[in-house]
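Here is how the chains run, residue by residue.
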Amino acid sequence: MRTALKCFIGLGSCIALATTLAIAADAPAKPKQDKYSLKVPGGLSFSEFKGYESWQMVSASHNPKSIAVVLGNPTMIKAFEAGIPANGKPVPDGAMMAKMHYAPKKNQFFPDATVPDQQRDVDFMVKDSKRFADSGGWGYAVFKYDPTTKTFTPGTTADQPPQANDAKCGFACHTIVKNNDYVFTEYQHR
């Protein structure tokens, strides 16, 4: 009788454990962040750049602290292909760029190569000469990325470079390329 009771208790414990694990497995996961719901206070929203992940690459750059990949929407790519802004013509309204910054790391298979590691942020620019007349026709936004939580947050004045939380946050930096319609990035031959 004792053996049967021990088996019955052991079986009951296994059923309880299995039920607990099944319930835990079916528990709703923490909802994934909807990055497109974010907005820089007083500035641009992430949703204005929906689909940027599939835009064409414009350029890449790196320094010891960061690798940057610059993407352009179709309007920006057509402008670059037409020689803008190097030809002195303004970038057309509707042109957009996204720049993603990554921490650098050595490629595990080719140690002489440096490749992107974890994403740090994404910067956005949009040309809208009416909406952003007081910042050279461009609006800017920065969203920091936290790889631990896999979430974005708007940049702040504590960031490097500081972000003033409005659509003009990048204007001061871009004034040195005013003659290039405030665009640093050079479009390379394909």
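Here, every reference points to the structure presented above.
Residues numbered from 1 in each chain as written. Predicted model: local features only at pLDDT ≥ 70, side-chain atom pairs only at ≥ 80, totals over all residues. Heavy atoms only, no water.

A. Inspection of the pairing of strand β3 (residues 96-106) at higher detail. In terms of strand pairing, strand β2 (residues 66-72) meets β3 through six bridges, oriented antiparallel. Bridged to Val70 within β3 is Lys99. (Pairing = 2+ DSSP bridges. Helix = DSSP H or I, 4+ residues; strand = E, 2+ residues; numbered from the N terminus.)

B. View of helix α2 (residues 74-81). Within α2, the full set of buried residues consists of Met76, Ile77, Ala79 and Phe80. End-on, the buried residues of α2 take up no more than an arc of 160 degrees, which puts them together on one face. Residues Pro74, Lys78 and Glu81 are exposed on α2 and point more than 90 degrees away from its buried face. Contacts from the buried residues of α2 go to β1 (56-63), β2, β3 and β5 (138-146). Phi for Gly83, located one or two positions after α2, is positive at around 95 degrees. (Buried < 20%, exposed > 50% of the residue type's maximum accessible area, 1.4 Å probe, protein only. Arc of directions from axis to C-beta. Contact = heavy atoms within 4.5 Å.)

C. Looking closely at the sheet that holds strand β4 (residues 114-127). Strand order in the open sheet formed by six strands is β1-β2-β3-β4-β5-β6, with antiparallel pairing between adjacent strands. Looking at which strands have only one partner, the edges of the open sheet turn out to be β1 and β6 (151-154). When the angles between neighbouring strand axes are averaged without regard to direction, this sheet yields 25 degrees. The pairing of β1 with β2 spans seven bridges and is classified as antiparallel. Residue Ser59 lies in a different strand from β2, and its bridge partner there is Val70. (Axes fitted to C-alpha atoms, helices over the stretch in contact; angles between N-to-C directions.)

D. The arrangement of the packing of aromatic side chains in detail. Per the counting criterion, the structure on display carries 11 aromatic pairs. The interplanar angle of 10 degrees and the centroid separation of 4.1 Å between the aromatic rings of Phe49 and Phe124 together place this pair among those described as stacked. Here the residue Phe49 occupies a position in the loop between α1 (2-26) and β1, and Phe124 occupies one in strand β4, the gap between them amounting to 75 residues. A residue is classified by how much of its surface remains accessible, and Phe124, at 1% relative accessible area, is buried. Linked through ring pairs, Tyr36, Phe46, Phe49, Tyr52, Trp55, Phe124, Phe143, Tyr145 and Phe152 together constitute an aromatic cluster. Looking at Lys50, its charged tip hangs above the ring of Tyr36, at a distance of 4.8 Å from the centre. (Phe/Tyr/Trp six-rings, centres within 6.5 Å; stacked < 30°, edge-to-face > 60°. Lys NZ or Arg CZ within 6 Å of the ring centre and 35° of its normal.)

E. Seen up close, the pairing of β5. Of the pairings in the sheet, the one linking β4 to β5 comprises seven bridges and is antiparallel in character. Bridged to Val126 within β5 is Gly139. Strand direction decides the pairing type here: β5 and β6, joined by four bridges, are antiparallel. Residue Phe143 lies in a different strand from β6, and its bridge partner there is Pro154. Taking the residues between adjacent antiparallel strands as the criterion, β5 and β6 are bridged by four residues, where Lys150 takes a positive phi near 55 degrees.

F. Fine view of unusual backbone geometry. Omega for the peptide link from Ile84 to Pro85 comes to 0 degrees, which places this bond in the cis form. Along the polypeptide, Pro85 turns up in the loop between α2 and β3. For Lys150, which is not glycine, the phi torsion reads 55 degrees and is therefore positive. Looking at the element boundaries, Lys150 is found in the loop between β5 and β6.

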